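Here is how the chains run, residue by residue.
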Amino acid sequence: MPLDTPHEPSWRLNGNVGLEEALTLPRIAIESVEPVVDGGRFAAKAISGQPVTVSAVIFADGHDQLAAELLWRPVNYTHWQRVPLTFITNDHWQAELLPAHPGRWVFAIEAWWDQYGSFCNELQKKHRAGVPISLELTEGESLIRRVAHTAPAEHRTEVQQVLDELRTARSDDARVAVMLAKQTISTIALAAEHPHRTRSPVFPLEVERPLAQFASWYELFPRSVTNDPHRHGTFKDVIRRLPEIVAMGFDVVYFPPIHPIGHTHRKGRNNALLAKEGDPGSPYAIGSEEGGHEALHPQLGSFEDFHELVAVARSLGLEIALDFAIQCSPDHPWLREHPGWFSWRPDGSIRHAENPPKKYEDIVNVDFYAEGAIPELWLALRDVVEGWVMHGVSLFRVDNPHTKPLPFWEWLIADIRGRHPEVIFLAEAFTRPAMMARLGKLGFSQSYTYFTWRNTKEELQTYFTELNEPPWRDCYRPNFFVNTPDINPSFLHESGRAGFLIRAVLATMGSGLWGMYSGFEICESAPIPGREEYLDSEKYQIKPRNFRAPGNIVGEIAQLNLIRRRNPALHTHLGFQAYTAWNDNILYFGKRTAELDNFILVAVSLDPHHAQEAHFELPLWEFDLPDNASLHGEDLMSGHRWTWHGKVQWMRIEPWHLPFGIWRIRPAS
C-alpha cells in the first residue's frame, strides 16, 4: 500500500478542501516531531556515537491501536535503519537513533493502523473477563491467513508456522496463547501490510564528532611565545609550550590569524593610529607582499614548521584551531589582483572598515555581492578554508560571521563539511539573539555567548536554563569563553584571584565547551580605564608572560578540566538544573546523566571578596528518595568524602580559599 505522505493541498491557502482531495488525506496525524529546527528547514545538532531521542505526537480517529517506527540513514544512503517507537502516554511516542559517524543524516517517522495489535488487545480483554471468544478466534485466524496470503516471501514460512500451531492447538486457551505470543505478534508485525501507513516529512540531523560538544579551548598569540618582547615567537616556540597547555587539560589550541600583516596604516601599541618602528601590527590586518590568507607570517616559520606543530599537537592529544577572518589589509594581494572584490569610494579610494568611533584604516572588507565578486570571491574564500584543512587544521574560529552574508555561510559550511565532516566551525558573534541562533542553524558547530556578561545569580540561572530549552537546545552549542583579546570583563578588573576562579568554574561546569585567552591563568586584568579592553593589548604588541607568576591559577584550571573529563554529566551544557540555596550570592545547580549514575552539584559564590553562607536543598527527589534520606558526597577538588543526612543542609564559602564547591553525589544505600 502506498504511503499517505503529508503534502500542502490548496485548502491550506483558501480554507476549502474538495471531496477528492479529502479522500487522499492521511487519517493518522504525526505532529510535534522533535528534534526539529524551523520545521526541518535547518538540521538539528547531534554527536556521533551518542543516542538522539526522537519524539512525536501520533494519533488517529477511532479506538484502534497504532504502531510506529523511527527511520534514519545518512543522507547519501538509500537504505533506512528502523526501530519501533514506544508509546509513552497521551499520544506521545518516543525512540532513539544512534548516528555512527559525523555527517548529514536524516530521519522520519512512519505510523499505521495496527490491525493485529488492536485484535490482540480486544482478545486479551475478553479472555481475561471470561467472555465467549469463539468468534474472535475465528476472526483472528482469518486475519492471520490474509497476512500469509500477502506476506513478503521472506516471512511466509514464519506466518505459516503460526497457522500450523493454531491448527494443532487442542483448546481455545491454547489458541489464545498462540495468538498472543510475543513471537506471533513480532512475526505478524513484520509480515502484515500496514493500512493507512503515513510518513512524516524527512528531517535533517547534522552529526558532528564529540569535540564539537565537549572541548576546552586555549587561545594564544604564537608571536608572544617568547621571553623577549623584541624577539618574535615562532611555531617552534609554541611546540615547546604545548606540554604545559596539555598539563592544564586543554584539547584545542587556537591561534588568531597567523598570516602576513600589512604595513599601510599599521596600528601601534594600544591601538594607536600610527605605528612606531618595530611595532608588529594587528594580525587581523591580513595580507602583504608576502601573501594573504593562504600564507604564513614569515617570522612565525615555514609550512614545514607548521606541519610539525600540528603533528606534535596531535601526538599530545591537542588540535590546532585557526582564525578565519574575512578582512584584508590594504596591502593584501587580492586588492591588486581582484579589485572588483572590494568597495571603492567616488574619489577612487578604498572603503575601509568602520565602526564609529572606532577606526580600522588598517583593514578593508570584501564586498560579497559586488559585480566582479560572484562567484569567484566566494570560491576563493572556500578554497582558503579547504587549503588549511589540507594542512591538517579541522577547527576554525570565524571572526564576526554575523557581518557576512548568511547564504555564504550556509553554502560554505555545507560545502566543506560535505567533504570533510570532521571540520568544526566556532562563531565569534556577540550580537542579537536571533542572529546568534541563525548562525547555529546555518551550520556553525559552536558559538561565543552572552555568558561573558552574565554575573548575577538571576542572570546566570536564566541564561543557563534558556540554553537548555528549544530552540537553542537543538541549534546552538555555547562555548563559554571567560575572556578574549577583545574582552577584558569588568567583573575581573577588581575581583582578584577569587574572581578568576569564579568565572572559571562557571564556564567549566556550565557548558561542555569553554575557552580562555592566554593570561587568564595568571589573572591578568589591567584595563584601559573605563573600558572592557586590555591595557597594552597583545593585539598590537608582542607580550611575553611568566606563567608561573605568584597567584596563578594554573593548578586549579588543570583540576577543573580533569573533573570535566572524568564526569560525563559535564560533557554538555544540557542537563542544567538550578536548585535552591537561600542566598542570592550563591549559584547552586546540578548536572546529571540520564541514568543518574553521574550526578554533580556545583555551588559558586558570586562574591569574590566576602564569605557567603546558605542553607540549601539536596535534590533527594531526583533519586526518588524521601526528605530524611542520606546521600554520599565527594569534593572533587579535594577528594574529601562524607555523608549528608536529610534534605536541608548548610554551606559556607570563603573566597580566599576556594569560591566554589563541586560535589559528586550518590544515594547512601
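Residues numbered from 1 in each chain as written. Predicted model: local features only at pLDDT ≥ 70, side-chain atom pairs only at ≥ 80, totals over all residues. Heavy atoms only, no water.

By the naming in an unreviewed UniProt entry, the protein goes by Alpha-1,4-glucan:maltose-1-phosphate maltosyltransferase and is assigned to Serpens gallinarum. UniProt annotates the protein under Catalytic activity (unreviewed entry) with the comment "alpha-maltose 1-phosphate + [(1->4)-alpha-D-glucosyl](n) = [(1->4)-alpha-D-glucosyl](n+2) + phosphate". (UniProt positions renumbered as here; feature names shortened; annotations may be inferred.)

Concerning the UniProt feature "site: Transition state stabilizer" (unreviewed entry) in the protein
Taking the numbering used here, the UniProt-annotated feature "site: Transition state stabilizer" (unreviewed entry) corresponds to Asp486. Looking at the secondary structure, you find Asp486 in the loop between β19 (479–481) and α16 (496–510). Residues within four places of Asp486 in sequence aside, it is in contact with Arg397, Glu428, Glu532, Glu533 and Lys539. (Helix = DSSP H or I, 4+ residues; strand = E, 2+ residues; numbered from the N terminus. Contact = heavy atoms within 4.5 Å.)

So, the sheet that holds strand β13 (residues 319–324)
Strand order in the open sheet made by the eight strands is β18-β17-β16-β13-β12-β11-β20-β19, with parallel pairing throughout. Only two strands of the sheet have a single neighbouring strand rather than two, namely β18 (446–447) and β19. Pairing of strand β12 (residues 252–255) with β13 involves four bridges; the strand directions are parallel. Paired with Val253 across the strands is Ile320, a residue of β13. Contacting β13, β16 (395–399) and β17 (424–428), helix α11 (residues 376–390) crosses the sheet at an angle of about 165° to β13. (Pairing = 2+ DSSP bridges. Axes fitted to C-alpha atoms, helices over the stretch in contact; angles between N-to-C directions.)

Brief notes about the packing of helix α6 (residues 172–180) against helix α7 (residues 182–191)
It is the contact of α6 with α7, at a shortest axis distance of 5 Å, that shows an interaxial angle of 50°. Viewed along their axes, α6 and α7 adopt a mutual orientation that is oblique. Contacts between α6 and α7 pair Val178, Met179 and Leu180 from the former with Lys182, Thr184 and Ile185 from the latter. (Parallel < 35°, antiparallel > 145°, perpendicular 65-115°, else oblique.)

Details of unusual backbone geometry
Backbone torsion omega between Ile374 and Pro375 reads 0°, so that peptide bond is classified as cis. The omega torsion across Pro470 and Pro471 is 0°, close enough to zero to call that bond cis. For His265, which is not glycine, the phi torsion reads 55° and is therefore positive. A positive phi angle, near 65°, is found at Leu596, a position not held by glycine. Checked against the element boundaries, Leu596 lands in the loop between β22 (586–592) and β23 (599–605). Owing to a relative accessible area of 27%, Leu596 belongs among the partly exposed residues under this scheme. (Buried < 20%, exposed > 50% of the residue type's maximum accessible area, 1.4 Å probe, protein only.)

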